[in-house]
Amino acid sequence: MYTETKNPEVLQQEIEKLKRRVAELEQNEQKHIEATETLKKSKNSLENIFWEARSGIGILQNRVFVEVNPIVSEITGYSRNELVGKNSRFLYPNDELYNFVGKEKYAQVKKYGTGTVNAVWRRKDGSLVDIRLTSTPIDSMDHTKGVIFTALDISNLKIWKNELQNSVERLKIIFENAPDAIYLNDFKGNFIDGNVAAENLTGYKRQELIGKNFLKLNLLPPKHLLKAAKLLAKNVMGLKTGPDKLELQTKNGEYKWIEVSTYPVTIENQKMILGIARDLTKRLEDEKFKRESQQRMAFHVNQTPLAVIEWDLNYKVRQWNQAAENIFGYSEEEAIGKHASFIIPKVELKNIGTFLHNLIRSKKGSKSVNKNVCKNGDIVLCEWHNTPLVDEKGEVIAIASLAHDITKRVHAQEIQRVAYNISNAANTSVSLNKLIKHIQKELSTIIDTTNFFIALYNKESDSFSLPFFIDEKDKFSSFPTGKTLTRYVIKNPKSLLATKPVIDKMEEKGLIESVGSDSEIWLGVPLQIEKEVIGALVLQSYSDPNAYNEEDLKMLEFVSNQISLTIHRKNTEEQMKKALQRATEADRLKSAFLANMSHEIRTPMNGILGFTNLLKNNALNTYDKEKYLSIIEKSGKRMLGLINDLIDISKIESGMSEVVTRDFSLNEMILDIHSFFKPEAEAKNLKLSCTTGLPNDSDIIKTDHEKIYAILINLVKNAIKYTNSGSISFGYELNNHSIHFTVKDTGIGIPKEKLNSIFNRFVQANSSLSRNFEGVGLGLAITKAYVELLKGKIWVDSTFAKGSVFTIEIPYVKGKFMNNTEEIEKTATEDKIKTKLKIILAEDDAINRKLFSYILKEISDDLLMATNGAEAVETFKNHKDVDLILMDLKMPQMDGYEATQIIRENDKDITIFALSAFALETEKERAAKNGFNAYITKPIGKAELLQKIGEHFKI
Ligand code: ADP
C-alpha cells in the first residue's frame, strides 16, 4: 500500500504524533470514565433527593406527569403508574383552578424563573387537599422540555396558622385578664405596653402609660428609685429579677405595696423588659389579719384554763400550753416530743391504741373523762375533748386535745354526795351503830377509813363512849379518860392533823398522853352542833405519814357538821324510840299491873274482911276462931308483902334506895334465912338446904346487909313458891374477888323466851301459869336493882318444868370481925333487965294505939299514951322514970323528931324507938342521927317489936 518510501524522520514524527494522540485519547478516556462516574454519582444524589425527599417532587411536560416521587402518591392517593403519562388536569376539582394554576405559574416563571401557587387537589378517595405548588423549568431556555415541580401538603400548615392565631388571641385574653399587672418597657424605663391590671394598679390608662417613663410618671417614691435602677441594670445584663417588694405611687397619690418580677425578653428582634407586678395590699392585710389572729389565738391558748395539747399520730406531744403545764406540772420544753404515756396511768396505757384507731377512723371528735398522772405523782381527773385534725385530702394528720382539770369539781361533788348520803342515812339506818358504819362506808369513798372511830362525848360525866371503832391494831370498847388526842380535839375544840413527830412534841410538852399504838398520822375533827361538842371523828394511819392532808381535813370539817347533825338526830331518834317503847311497855304493864294488883289486893282483903265477919259470930269454937285468925293474919302478911314491894320499887325508881354498908356475918344470915323458910318449905313437903362458902370465923363481909337479905329472901321465897316437889338449896361461895350466891330449885322452870324479861317490873313468866301463884312480878325487879346497886350481876339458868338456878355475883369486901362494942352493948342491955317496962307510946292513929297496947301488954303494965309530939314531951316531963318511948315520926302539931330533940335535951340516956311507915333507909339514918335508939317500920309485927325491945332490955 504504501509504496512510497517515506522519510524515517517524518515517520518518526508521525509515530510520535500518533503516540501523543493515543496518550491523549487514553487520557480523555480516563477523564470520560471519571466524568461519567462523577455524573453517575451526582445523578444518584439527585435521584436520591428525588426519591427520598419528604415533599412531593415530579416532572411535568406540557402539564403531563413524566415522573413523580412516592410523596406525590402519598398526597394524591394515586400510584406512580396511575399518574405518569396523565395530564394533571384530573387532580384539580375544576378547569378554572387548573387554568389559574397554569397561568399564574407561567407568569411567575417568566418573571422570577420559578413560580409558586396555592391550589387544591382532589385525592383519589375524593377528598380535597390544600397544596402549595412550586415549578421551575428544566431548561430555562426551552420550556417545552418540561418543569420540575414540588407539591407541599399545606392542610396542616393552615391548621397551624389558625392555631397560632388562636393562641395569640388566647394570650391576649390572658394578658388582659391577668390579675397581676403585666407590662413591657425598654431598657430606659419607657413603657411599651401594659394590661388592664396595670391600669388598675397604677390608676393610669394604657395610653397614658405607653411611651412614658416610669420616672416621669412618679410611679416610685424616691426611696425606691435606687432599688428600681438596680433591677433595671440587672435586666440590661440579661438577668431576671424578683420578686421584689416596692412601694408604688398611683396616679391619685395613694401608696401601694407591690411585688415585682422582671424578665429581659426579645420580641420581634427588639430587646425589652417584661414586668409582672402584683398588688400586695390585700395580701399584706390578710397576712396582718392572719398574724393578728394567730397572736390572738396564741394569747387565748396561753390564757385559757384548758390544757391545749396537740399530738402527732404516734401520740407524741406537738403543742403544750401554759394550762397543760399548770395541770400536769411538765413545762412545754419537757413535754414536747414525749409519748402520751407520761401522763397516763399505767393501767390505762393499753387502751390508747384502740382509742387512737377509733379517733382516726371515725374522724370525729370524742369526749372522755380520764385519770392522769402529774409530774409529782398526783392523780388528777380530767375531762378530755379530742378532735382529729385533717388535711385538705381529709387525711388525719394530728389530734388536738383540750383537757379540763375537773378533780376539784368532782371532789366537791363527791363530798356533796357523801354529805347528802350521810344525811339520808339517818332515815334508813336502824341504829346509831349502823348509821356510823354507813358514815364510815360513805367516807371511805373519798378518804382512807381503815382506822376510824367516832367518840361521843358525855358532858355531864366528862367521858367518852365509842359507838364505833375499827382499827388494824387496837381494840377499844370504852375510851380511856385522860389526856388523849381525842380529848384534846374535843376540849379545844379544833381539828388536828398531826404526824408522828408532831404527836411526840405534843407529848413532850405534856399536852397529851398517847394511848394505844403509835400512828404515823392522826386526823381528828370535833363533831359540833352549833357551839356544843358532841364528840370527835378520828382517822389514823399506822403506815403512811402522807395518808391525809390539809385538804382532807377541810373536807372532813365540811362533812363533820352533817355527821354531827345526823348522829345527833339518830341519837335523839333512838332515845325517843326507846322512850316510846318504854311508854308503850309501861302502858301495857300498867294494865297488867292494875289487873294483877286488883287481884293481889282484893284476895287478901276478901280474906281479912270475910273472916273478920265470921269472927263476929260468938258461937264459934276455939278451933275455928284460930283458923280464921290465922287466915286473916296470912292475908294481912300477903298485903304487907305487896305494899313493901311497891314501896321498895318506888324507892328504887326515885333513886332513894341507897347502899348502906356494914360488917356482918354472912353465915349467920344464910342460917337465919334457912330457919325462916324451913317451916314454909316443910309445909309444901320440900327439902330446904343451905351451904356456906366461908368458915364461921372469917365470914364477915362489908356490904349492905338489908339488901343482901332482901335479895336472898326474894329468891328463896320464889324458889319455894314455884316448886311443887323436890328440893331447894341455896348458899354462897367465894370466887376470886367476888361472892357467888346461888338459889337452886327443882320447880316449874321458866320458858326460854321469858328468861330475859322476868327481871323486868310487873313481868311474870307466864301470866296464865302465874295466876296460880301469888305476886305482881316485882320481886325479881327489886332483886336485880339491889344487885346492881351493889355493883353485882344476876342471871338465871332454867329448864322449863325441871327447875331453875338463880346466881348472883357481887364484889367481895372483907369485913371486920365483931369487936368489943358489941360486948359493951350487950352489958348495957343487961343493965336494963326489967320484968315489966314503963312505956310512953306517942302515936296519932287510934287503931295503931290499940294494936300497940295489945302487943305491949306482955311486957308493960304501965303504958302511957300521947297522940302527938307535944303530948309526948309533956308526958315525959311528968314521968321521967319511963323505960322506953315509942315515938311515931309523923304526928300532927309536933312531929317525932322535934319531940325527941326536946326530950333528949333533958335526958340523954332514955331509950327512944322511932315508929315509921317509911321503910326508907335514909329515914332510918336520919332517925339514928336524931337521937333514936332504934327504928321500927310499920305495920308492926309483934315478934319484931318484942325482939327489938329485947335487944335493949332484958325482960
Ligand atoms: P312474882 O313472883 O311476884 O310473879 P317475881 O319478880 O318474883 O314476881 O318473878 C317474876 C316471874 O319469874 C314470876 O312470875 C315467875 O313466873 C318467874 N319466876 C321467878 N322465880 C322463879 C323460880 N324459882 N322458878 C320458876 N319461875 C320463877
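Relevant structure appears above.
Here is a short report on the structure shown in this document. Since this is a predicted model, take the numbers as computed values, not measurements. (Residues numbered from 1 in each chain as written. Predicted model: local features only at pLDDT ≥ 70, side-chain atom pairs only at ≥ 80, totals over all residues. Heavy atoms only, no water.)

### Regarding the overall build of the protein chain
Point 1. Helix and strand content of the protein chain: 28 helices and 32 strands.
Point 2. Rg of the C-alpha trace for the protein chain: 72 Å, well past the compact-globule value of 30 Å for 955 residues, more than 25% over.
Point 3. Seen through its C-alpha atoms, the protein chain measures out along the principal axes to roughly 250 × 70 × 65 Å.
Point 4. Here the protein chain holds 955 residues, and 39% of them are scored as buried.
Point 5. Counting contacts in the protein chain only where the partners sit at least 6 residues apart, residues at least 24 apart contribute 55% of the total.
Point 6. In the form shown here, the protein chain has an accessible surface area of approximately 56200 Å², with 53% of it arising from carbon and sulfur atoms. (Helix = DSSP H or I, 4+ residues; strand = E, 2+ residues; numbered from the N terminus. Rg over C-alpha atoms; globule rule 2.2 N^0.38 Å. Buried < 20%, exposed > 50% of the residue type's maximum accessible area, 1.4 Å probe, protein only. Contact = heavy atoms within 4.5 Å. Areas by Shrake-Rupley, 256 points an atom, 1.4 Å probe, with all protein chains shown as cover.)

### Some remarks on the site of the ligand
Point 1. Lining the immediate surroundings of the ligand are 21 residues, of which Asn-718, Tyr-722, Asp-745, Gln-764 and Leu-780 lie closest.
Point 2. Here Tyr-722 contributes a side-chain N or O atom positioned 2.7 Å from an oxygen atom of the ligand.
Point 3. Expressed as a share of its isolated accessible area of 530 Å², the protein-covered part of the ligand is 97%.
Point 4. Elements that contribute at least two residues to the shell around the ligand include exactly helix H20 (705-721), helix H22 (779-789) and strand E27 (803-811).
Point 5. Broken down by element, the residue count for the shell around the ligand peaks at three residues, all from H20.
Point 6. When the residues that make up the shell around the ligand are grouped by side-chain class, the tally is 11 nonpolar, eight polar and two charged. (Near = heavy atom within 4 Å. Polar contact = N/O pair within 3.5 Å; in protein donor to acceptor, adjacent residues only side chain to side chain. Nonpolar A, V, L, I, M, F, W, Y, C, P; charged D, E, K, R; others polar.)

### Thoughts on the pattern of salt bridges
Point 1. Counted according to the given criterion, the structure contains 26 salt bridges.
Point 2. Across the salt bridge formed by Asp-125 and Arg-123, the nearest N and O atoms sit 3.3 Å from each other.
Point 3. Given the relative accessible area of 55%, Asp-125 is considered exposed.
Point 4. A relative accessible area of 23% places Arg-123 in the partly exposed class.
Point 5. One continuous salt-bridge network, built from bridges that share partners, spans Glu-176, Asp-193 and Arg-206. (Salt bridge = Lys/Arg side-chain N within 4 Å of Asp/Glu carboxyl O.)

### Focus on the sheet that holds strand E18 (residues 496-499)
Point 1. Across the sheet, five strands lie side by side as E17-E16-E20-E19-E18; this open sheet has antiparallel pairing. The sheet is open, and its two edges are formed by strand E17 (463-470) and E18, each paired on a single side. Strand after strand, the sheet turns through a mean of 20 degrees between neighbouring axes, direction not considered.
Point 2. Across four bridges, E18 lies against strand E19 (residues 521-529) in antiparallel orientation. Residue pairing in the sheet places Ala-498 in a bridge with Trp-522 of E19.
Point 3. Sheet contacts for helix H14 (residues 432-443): strand E16 (452-458), E17 and strand E20 (532-541); angle to E17, the most-contacted strand, approximately 55 degrees. (Pairing = 2+ DSSP bridges. Axes fitted to C-alpha atoms, helices over the stretch in contact; angles between N-to-C directions.)

### Points about a nonpolar patch on the surface
Point 1. A grouping of Leu-157, Ile-159 and Trp-160 is seen on the molecular surface, where their side chains present a nonpolar patch of about 310 Å² in accessible area.
Point 2. Looking at Trp-160, the relative accessible area reads 55%, which means it is exposed. (Patch = residues over 30% accessible without salt bridge, like charges linked within 9 Å, V, L, I, M, F, W, Y side chains within 5 Å.)

### Side note on the pairing of strand E4 (residues 128-137)
Point 1. A one-sided burial pattern is seen for E4, the buried positions being Val-129, Ile-131, Leu-133, Ser-135 and Pro-137 and the unburied ones Leu-128, Asp-130, Arg-132, Thr-134 and Thr-136.
Point 2. Bridge count for strand E3 (residues 115-122) against E4 is eight bridges, and the pairing is antiparallel. Across the sheet, Ala-119 pairs through a bridge with Ile-131, a residue of E4.
Point 3. Hairpin remark: E3 followed by E4, antiparallel, with five residues in the connecting loop; positive phi at Gly-126, about 95 degrees.
Point 4. Relative to strand E5 (residues 147-153), E4 runs antiparallel, the two being bridged by seven bridges. Directly across from Ile-131, in E5, lies its bridge partner Asp-153.

### Things to note about helix H26 (residues 896-906)
Point 1. Regarding H26, the residues found buried are Gly-896, Tyr-897, Ala-899, Thr-900, Ile-903 and Arg-904. Looking straight down H26, one finds that the buried residues subtend no more than 160 degrees of arc, so they occupy a single side.
Point 2. Two to three positions downstream of the cap, the backbone nitrogen of Tyr-897 sits 3.3 Å from a side-chain oxygen, assigning the N-cap of H26 to Asp-895. (Arc of directions from axis to C-beta.)

### Focus on the packing of helix H25 (residues 869-878) against H26
Point 1. Between H25 and H26, whose axes approach to 9 Å, the crossing angle comes to 20 degrees. The orientation of H25 with respect to H26, classified from their angle, is roughly parallel. The two elements H25 and H26 meet at a crossing, and its hand is right-handed. Seen from H25, the contacting residues are Gly-869, Ala-872, Val-873 and Phe-876; seen from H26, they are Ala-899, Ile-902, Ile-903 and Asn-906.
Point 2. Here the residues of the contact of H25 with H26 sort into six nonpolar, two polar and no charged. (Parallel < 35°, antiparallel > 145°, perpendicular 65-115°, else oblique. Left-handed = near helix turned anticlockwise from the far one by under 90°.)

### Looking at the state of the cysteines
Point 1. Inspection of the entire model under this criterion finds zero disulfides.
Point 2. Looking at the unpaired Cys-374, the closest cysteine sulfur is the one in Cys-382, lying at 7.3 Å. (Disulfide = S-S within 2.5 Å.)

### What to know about the packing of aromatic side chains
Point 1. Counted under the stated rule, the structure contains 18 aromatic pairs.
Point 2. With a centroid separation of 5.8 Å and 40 degrees between ring planes, the pair formed by Trp-320 and Phe-328 is classed as tilted.
Point 3. On the basis of an interplanar angle of 80 degrees and a centroid distance of 5.9 Å, the ring pair of Tyr-897 and Phe-932 is categorised as edge-to-face. Pair noted here: Tyr-897 is in helix H26 and Phe-932 is in the loop between helix H27 (921-929) and strand E32 (934-937), with a separation of 35 residues, a long-range link. (Phe/Tyr/Trp six-rings, centres within 6.5 Å; stacked < 30°, edge-to-face > 60°.)

### A look at unusual backbone geometry
Point 1. Of note, the amide linkage connecting Gly-242 to Pro-243 takes the cis form, showing an omega dihedral of 0 degrees.
Point 2. Positive phi values are uncommon outside glycine, yet Asn-736 reaches one of about 50 degrees.
Point 3. Relative to the assigned elements, Asn-736 resides in the loop between strand E24 (727-735) and strand E25 (738-745).
Point 4. We classify Asn-736 as exposed; its relative accessible area is 69%.
Point 5. A positive phi angle is found at Gln-893, which is not glycine, with a value near 60 degrees.
Point 6. For Gln-893, the location among the structural elements is in the loop between strand E30 (884-888) and H26.

### A word on helix H24 (residues 846-856)
Point 1. Residues of H24 that are buried: Asn-848, Arg-849, Phe-852, Ile-855 and Leu-856. The buried residues of H24 all sit within an arc of 130 degrees when viewed along its axis, so they share a single face. Opposite the buried face of H24, at more than 90 degrees from it, the exposed residues are Ile-847, Lys-850 and Tyr-854.
Point 2. Packing partners of the buried residues in H24 comprise strand E28 (838-842), strand E29 (862-866), E30, strand E31 (911-916) and helix H28 (942-952).
Point 3. Where H24 begins, the capping side chain belongs to Asp-845, and its oxygen is found 2.9 Å from the backbone nitrogen of Asn-848.

### With respect to the sheet that holds strand E11 (residues 307-311)
Point 1. The strand order E12-E11-E15-E14-E13 describes an open sheet built from five strands, whose pairing is antiparallel. Only two strands of the sheet have a single neighbouring strand rather than two, namely strand E12 (317-320) and strand E13 (366-373). Neighbour-to-neighbour, the strand axes of the sheet open up by a mean angle of 30 degrees, direction not taken into account.
Point 2. Sheet topology note: the strand E14 (residues 379-390)/strand E15 (residues 396-405) ladder contains nine bridges and is antiparallel. The residue bridging His-385 from the neighbouring strand is Leu-402, located in E15.
Point 3. Sheet strands touched by helix H13 (residues 407-428): E14 and E15. Its angle to E14, the strand with the most contacts, is close to 130 degrees.

### Some thoughts on the nonpolar core
Buried together is how nonpolar side chains tend to be arranged in soluble globular proteins.
Point 1. Among the nonpolar cores identified, the biggest contains 47 residues, and Ile-673, Ile-708, Val-716, Ile-739, Phe-741, Phe-806 and Ile-808 are the most heavily contacted of them.
Point 2. Elements that contribute at least two residues to this core include exactly helix H18 (622-653), helix H19 (666-683), H20, E24, E25, H22, strand E26 (793-799) and E27.
Point 3. Those residues in contact with Ile-739, other than ones at most four positions away along the chain, are Leu-666, Ile-701, Tyr-732, Glu-733, Leu-734, Ile-808, Glu-809, Ile-810 and Tyr-812. (Core = buried A, V, L, I, M, F, W, Y, C linked by side-chain atoms within 4.5 Å.)

### With respect to a negative patch on the surface
Point 1. Residues Asp-504, Glu-507, Glu-508, Glu-513 and Asp-518 make up a contiguous surface patch of negative charge.
Point 2. With respect to the helices, strands and loops of the structure, Asp-504 is situated in helix H16 (residues 500-508).
Point 3. Relative accessible area serves as the criterion here: at 32%, Asp-504 is assigned to the partly exposed category. (Lys, Arg positive; Asp, Glu negative; His and termini not counted. Charge placed at Lys NZ, Arg CZ, Asp CG, Glu CD.)

### A few points about the packing of H13 against H14
Point 1. Remark: H13 packs on H14, axes separated minimally by 10 Å, with the N-to-C direction vectors making an angle of 165 degrees. On the basis of the axis angle, H13 is roughly antiparallel to H14. In this structure, H13 meets H14 at a crossing whose hand is right-handed. Contact residues: Arg-417, Val-418, Asn-421, Ile-422, Ala-425 and Ala-426 in H13; Leu-435, His-438, Ile-439, Glu-442 and Leu-443 in H14.

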